[in-house]
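What the coordinates show
For reference, the chains in residue letters:
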Amino acid sequence: MTTAYPPPPPPPARGRDRTTLWGVLGIVLGLICCGILGVIFGYLSIRDARRYGQSPVLGYLAIAFGVINIIGSAILRSTGNYPFWNNND
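None of the values given here were measured: they were computed from a predicted structure. (Residues numbered from 1 in each chain as written. Predicted model: local features only at pLDDT ≥ 70, side-chain atom pairs only at ≥ 80, totals over all residues. Heavy atoms only, no water.)

Digging into the overall build of the protein
Stated precisely, the cut-off is as follows: The numbering of helices and of strands both runs from the N terminus, where a helix is a DSSP run of H or I of at least 4 residues and a strand a run of E of at least 2. Exposure categories follow from relative accessible area, calculated using a 1.4 Å probe and restricted to protein chains: below 20% of the type maximum is buried, above 50% is exposed, and the middle band is partly exposed. By the convention used here, residues are in contact when the closest approach between their heavy atoms is within 4.5 Å.
When its secondary structure is counted, the protein shows three helices and zero strands. Along the protein, helices and strands appear, N-terminal first, in the series α-α-α. Per-residue burial for the protein yields a buried fraction of 24% across its 89 residues. Partitioning the intrachain contacts of the protein with sequence separation of at least 6 by distance along the chain shows that 58% fall at a separation of at least 24.

See the structure below:
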C-alpha cells in the first residue's frame, strides 16, 4: 500500500520589508534636520536588511549622515554660528 504524501505547507508569510523606507527616511532626515532621527532610522534599515536579506547600504548612509549632522550642529552651536540659535535674547 502506497499512499501519496500530503502537499507541502505554504511558505511562511513574509513580513513587511521596510528596509528602503527606513533608509530613505534616515538619509533625508539626517541631511536636512534631525541627525538623531537619521541614526535611528538607519539602525532600523540595517535591522530589516539583515532580517530580509537585503543590502544594508542605505542604513549605513543614514547613520553616517545623521552623525555628520550631529557633529556639524555641535560645532556650529559651540562657535555661535548656528543659523537658528539666537544668543542675543
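Here's the deal with the pattern of salt bridges
The cut-off we apply is this: Definition used for salt bridges: Asp or Glu carboxyl oxygen within 4 Å of a side-chain nitrogen of Lys or Arg.
One pass over the full model with this rule turns up two salt bridges. Across the pair Asp48 and Arg47 runs a salt bridge, and its minimum N-O distance is 3.5 Å. You can call Asp48 buried: its relative accessible area is 3%. Residue Arg51 pairs with Asp48 through a salt bridge whose shortest N-O separation is 3.8 Å. Residue Arg51 and its partner Asp48 are both found in helix α2 (residues 35-52); the two are separated by three residues, about one turn of the helix.

Observations regarding the UniProt feature "transmembrane region" (unreviewed entry) in the protein
Put simply, the test is: UniProt positions are given in the numbering used here, feature names are shortened, and annotations may be inferred rather than shown by experiment.
In the numbering adopted here, UniProt assigns the feature "transmembrane region" (unreviewed entry) to residues 20-45 and 57-76. Helix makes up 92% of residues 20-45 and strand 0%, with an end-to-end C-alpha separation of 7 Å. Taken end to end, residues 57-76 is 100% helix and 0% strand, and its two terminal C-alpha atoms sit 28 Å from one another.

Some words on the packing of helix α1 (residues 19-32) against α2
Selection criterion: Each axis is a line fitted through C-alpha atoms, taken for helices only over the stretch in contact, and angles between the N-to-C directions span 0 to 180 degrees. Each angle is binned into one of four classes, with values under 35 degrees roughly parallel, values over 145 roughly antiparallel, values of 65 to 115 roughly perpendicular, and all other values oblique. Crossings are sorted by hand: turned counterclockwise from the far helix by less than a right angle, the near helix makes the crossing left-handed, and turned clockwise it makes it right-handed. Under the grouping applied here, Gly and all other residues not named as nonpolar or charged are polar, the nonpolar ones being Ala, Val, Leu, Ile, Met, Phe, Trp, Tyr, Cys and Pro and the charged ones Asp, Glu, Lys and Arg.
Closest axis-to-axis distance for the α1/α2 pair is 7 Å, and the angle between their directions is 160 degrees. By the angle between their directions, the pair α1 and α2 is classed as roughly antiparallel. Note that α1 runs across α2; the crossing there is left-handed. Across the interface between the two elements, Thr19, Trp22, Gly23, Leu25, Gly26, Leu29 and Gly30 from α1 touch Gly35, Leu37, Gly38, Phe41, Leu44, Ser45, Asp48 and Ala49 from α2. Per-class residue counts for the contact of α1 with α2 are seven nonpolar, seven polar and one charged.

Describing the packing of α1 against helix α3 (residues 57-79)
With their axes 8 Å apart at the nearest point, α1 and α3 run at an angle of 20 degrees to one another. It follows that α1 is roughly parallel to α3 by the angle criterion. With respect to the hand of their crossing, α1 and α3 are arranged in left-handed fashion. Contact residues: α1 offers Thr20, Gly23, Val24, Gly26, Ile27, Leu29, Gly30, Leu31 and Ile32, while α3 offers Leu58, Leu61, Ala62, Phe65, Gly66 and Asn69.

Let's talk about the packing of aromatic side chains
Convention followed: When two rings of Phe, Tyr or Trp (its six-membered ring) have centres within 6.5 Å they constitute a pair, described as stacked for plane angles under 30 degrees, edge-to-face for angles over 60, and tilted for the intermediate range.
Scanning the model with the defined rule gives one aromatic pair in all. Measuring from centroid to centroid gives 5.5 Å for Trp22 and Phe41, while their planes differ by 10 degrees, and the two rings are stacked. Of the two residues, Trp22 is situated in helix α1 and Phe41 in helix α2; the sequence distance between them amounts to 19 residues.

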